[in-house]
Amino acid sequence: MLDLHSTHSYPDPFVLVPRVDGRTLRLAAATGISKVVDIGHVSGGLIDHVDGVAVECGLTGTVRAAENAYEILTEFLASLGALDEPASGLETPPEIYHVFDAVEGSGYEVDATNFERVEAGEAFARRGGDVLTADEPFFPVLMSEEGYEGLVGFKALRVKRVADMDPEA
């Protein structure tokens, strides 16, 4: 299954998988997207209940997110042989990120950029005089002012590139 979404957090597409294994990596690669996020730490998404991947196609309400969704769907179907046209494939192996924690709160202005490393001690969000500071280095994922009620977003580690992983795993 391919589950398409838009987001308030990041303009470029990325893939969400419920776990990292050979099947989810093959489905993620079929999208042609260079960022794969293991969101298995977070429960409640549709991909918890079906075999597939979810894709955040771009910023909510933008023409570019709709265009991305069309391109991703076409690439996915071509990669799986469901369309009679060649898949373009990825130029570089995707990066894998593993979500390990949620950042709770609301009304925060996010200073960090999704998928750019936040160092220990660095401020990454603020609300008035309340500043959220990183206890340890992490990569923000799905962090935004409006994305989730009661949640600023998620902390992730960049694990490795798909090419470095065992394809039979």
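Please refer to the structure higher up on the page.
Bear in mind that the values here come from a model prediction, so they are computed numbers and not experimental data.

S.K.: Any chance you could break down the pattern of salt bridges for me, citing the residues and the numbers?
M.R.: Within the structure shown, the criterion is met by 7 salt bridges. Between Arg-19 and Asp-21 there is a salt bridge, with the nearest N and O atoms lying 2.8 Å from each other. For Arg-19, a relative accessible area of 37% gives the class partly exposed. Judged by its relative accessible area of 18%, Asp-21 is buried. Across the pair Asp-130 and Arg-127 runs a salt bridge whose closest N-O atoms are separated by 3.3 Å. Arg-127 sits in the partly exposed class, given a relative accessible area of 37%. When salt bridges with common partners are traced through the structure, they connect Arg-64, Glu-67 and Glu-71 into a single cluster.

S.K.: Any details on the nonpolar core? Residues and values, ideally.
M.R.: One recurring pattern in soluble globular proteins: nonpolar side chains tend to sit buried together. With 16 residues, the main nonpolar core has Leu-2, Val-15, Val-17, Val-36, Val-53, Val-55 and Ile-72 as its most contacted residues. At the level of elements, strand 2 (14-17), helix 1 (22-30), strand 4 (53-59) and helix 2 (63-79) are the ones that each hand at least two residues to this core. For this core, the element with the most residues is helix 1, which contributes 4 residues. If we skip the residues at most four places from it in the chain, Val-36 touches Val-15, Val-17, Ala-28, Pro-94, Glu-95, Ile-96 and Tyr-97. Within the second largest apolar cluster, 15 residues are counted, among which are Tyr-10, Val-37, Phe-139 and Phe-154.

S.K.: Go over the sheet that holds strand 8 (residues 130-133) with me, naming the residues and quoting the values.
M.R.: If you walk across this open sheet you meet the 3 strands as 6-7-8, and the pairing is antiparallel. At either margin of the open sheet sits one strand with a lone partner, and together these are strand 6 (109-110) and strand 8. In this structure, strand 6 lies alongside strand 7 (residues 123-127), joined through 2 bridges in antiparallel fashion. Counterpart to Val-110 in the pairing with strand 7 is Ala-125.

Reading the values: the criteria
- Residues numbered from 1 in each chain as written.
- Predicted model: local features only at pLDDT ≥ 70, side-chain atom pairs only at ≥ 80, totals over all residues.
- Heavy atoms only, no water.
- Salt bridge = Lys/Arg side-chain N within 4 Å of Asp/Glu carboxyl O.
- Buried < 20%, exposed > 50% of the residue type's maximum accessible area, 1.4 Å probe, protein only.
- Core = buried A, V, L, I, M, F, W, Y, C linked by side-chain atoms within 4.5 Å.
- Helix = DSSP H or I, 4+ residues; strand = E, 2+ residues; numbered from the N terminus.
- Contact = heavy atoms within 4.5 Å.
- Pairing = 2+ DSSP bridges.

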